[in-house]
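Each chain, written out:
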Amino acid sequence: MTNLKGALSALIVAGSMASGAMADPVDDTLIINEELTIVTRTAAPAHVADVLDEVMSGWLFRGTETRAMQADDFDNPGMIFVEQAEDVWNTADGSEGKSCADCHGASSDMSDVRPTFPKWNDAAEKVFTLEMQINDCRENRMGAEKWKYTGGDIVNMTALLASVSRGKPVNVAIDGPAQSTWEDGKELYYTRTGQLELSCANCHEDSYGKMIRADHLSQGQINGFPTYRLKNTKLNSAHARFKGCVRDTRAETYSPGSPEFVALELYVASRGNGLSVEGPSVRN
Amino acid sequence: MRVSIITTIAAAVSATALGAAEIAPTAVSFEDGTVSQSLSGVAGDPASGSEIVGSKKLGNCIACHQVSDLADVPFQGEIGPSLDGAGERWTEAELRGIVANAKIMFEDTMMPSFYKTEGFIRPGNAYTGEAADDTFGPLLTAQQIEDVVAYLSTLKE
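Keep in mind that this is a model prediction, so the values were computed, not measured. (Residues numbered from 1 in each chain as written. Chains lettered and ligands numbered in written order. Predicted model: local features only at pLDDT ≥ 70, side-chain atom pairs only at ≥ 80, totals over all residues. Heavy atoms only, no water.)

## Quick word on the packing of aromatic side chains
Residue and element names in this part refer to chain A.
Line of reasoning, step 1. This structure, assessed with the given rule, holds nine aromatic pairs over all chains.
Line of reasoning, step 2. The interplanar angle of 25° and the centroid separation of 6.5 Å between the aromatic rings of F81 and Y228 together place this pair among those described as stacked. Placement of the pair is F81 in helix α3 (residues 78-89) and Y228 in strand β9 (residues 227-229), with a sequence separation of 147 residues.
Line of reasoning, step 3. The partly exposed category is assigned to F81, whose relative accessible area is 21%.
Line of reasoning, step 4. Ring geometry for Y189 versus Y190: centroids 5.4 Å apart, planes at 75°, classification edge-to-face.
Line of reasoning, step 5. Residue class for Y189 comes out buried when judged on its relative accessible area of 2%.
Line of reasoning, step 6. Ring-pair connections join several aromatic residues into one group, and the members of that group are W182, Y189, Y190 and Y267. (Phe/Tyr/Trp six-rings, centres within 6.5 Å; stacked < 30°, edge-to-face > 60°. Helix = DSSP H or I, 4+ residues; strand = E, 2+ residues; numbered from the N terminus. Buried < 20%, exposed > 50% of the residue type's maximum accessible area, 1.4 Å probe, protein only.)

In structure tokens:
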């Protein structure tokens, strides 16, 4: 059997070389608005160095036109939603009559936030995603209603907070109180779910760079979230994307906002530690 | 964590004795990853097999494999090896074993098991994202597996 496997991998290598350049990530640099250089590849952080040499943004796996759209805020359709969220940032809501700006100042002062989420919350004694933090502020500080986890209001707000952090390295903590959640996320990442028995790792660790039918597989990084997808012409949160990928294994998915997806988000984010925040990104 | 309990209940039913008796997914007998007995007892149809291999709604083998014979089917994937010449490299029994449950021949392979109904983690109802219900069956029927095997057997270089 060993011989046979050897022969097969030789075939696989020959096969992917034959189809060549098309499938490799591009050698290109993302500079937004001709001034902000984005780190789209960098050495893998220590906790994934056993399986990856380099971590790469999904941007490198997209076509020329899609990549160009993200390089200019006027061409990036996601920026319209950032503008909408900027208005909401400055508008009072809820029984306390406060806006986000009343507590936090200008949105541009929030550039250290996105890179560190998901992150442990002492009061709640659990890991908070940015969405959970936003809803916590709405409920407990503004006296306003929670937003739906993957609804337009909240995804727009995460796009605003990502946009002001663009260029800063993703830097989520995986130790201390967050560690057990991180371990749970790692377990999920390697679990082969559904009738197709595929794990995140099967597609995004073992097969990135290859075509799966019409799709060019990336490393499935989330430094670019939320992403504006040309396919559904709206901003998509990381959990919505996770749900789609799990569904595609013919599995019963987890819900956006569930403890499972929160843990998975922390783990996947940590695999991209060192890549720049680039949301809202553009993808197909 | 993968649940890889493979039930190899010796196939009690002999297709030849009972005519076109079908072997249930839980009753397939694998020997070193191969399956010598026809799953449906009816000869496979290569034309139907070619349709199944290329169709997104059926086998969707093309998602991961290239097949020059199906050059008219666009977007052939590159996860697995090209299937060109598969009929020369493998016997019918080997091909049947690979298509029915490739994980026995190739440990931990990414290739899905097309004739299997047990041992999944969070099995869903096709691509709905909902849990599987009592309509849950193997990815391909016994006859579809036979058709695919018949088609693969024609792939000679």
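Still to come is the rest of the account.
## Details of the UniProt feature "domain: Cytochrome c" (unreviewed entry) in chain B
Line of reasoning, step 1. Mapped onto this numbering, the UniProt entry annotates "domain: Cytochrome c" (unreviewed entry) at residues 44-156 of chain B.
Line of reasoning, step 2. Helix makes up 35% of residues 44-156 of chain B and strand 0%. Its end C-alpha atoms lie 17 Å apart. (UniProt positions renumbered as here; feature names shortened; annotations may be inferred.)

## Observations regarding the nonpolar core
Line of reasoning, step 1. Counting residues in hydrophobic clusters, the biggest one holds 53 residues, and the most contacted among them are A:W89, A:I134, A:M157, A:I222, A:F242 and A:L264.
Line of reasoning, step 2. Put simply, the parts of the chain that give this core at least two residues each are α3, α4 (100-104), β6 (126-128), α5 (130-142), α6 (152-163), α7 (179-189), α9 (238-247) and α10 (259-271) of chain A.
Line of reasoning, step 3. Apart from the residues lying within four places of it in its own chain, the contact partners of A:I134 are A:W147, A:I154, A:M157, A:T158 and A:L161.
Line of reasoning, step 4. Of all hydrophobic cores here, the second largest spans 41 residues; its members include B:C61, B:F106, B:M110 and B:L152. (Core = buried A, V, L, I, M, F, W, Y, C linked by side-chain atoms within 4.5 Å. Contact = heavy atoms within 4.5 Å.)

## Looking at the interface of chain A and chain B
Line of reasoning, step 1. With 34 residues of chain A in contact, the opposing surface of chain B contributes 46 residues.
Line of reasoning, step 2. Both sides together, the interface formed by chain A and chain B hides about 3400 Å², and carbon and sulfur atoms give 58% of it.
Line of reasoning, step 3. Counting across the chain A and chain B interface gives two salt bridges.
Line of reasoning, step 4. At the junction of chain A with chain B, the criterion picks out 14 residue pairs in polar contact (both at pLDDT 80 or more).
Line of reasoning, step 5. At six residues, helix α1 (residues 2-19) of chain A tops the list of elements feeding residues into the side of chain A that touches chain B. (Buried area = accessible area lost by both parts, 1.4 Å probe. Salt bridge = Lys/Arg side-chain N within 4 Å of Asp/Glu carboxyl O. Polar contact = N/O pair within 3.5 Å; in protein donor to acceptor, adjacent residues only side chain to side chain.)

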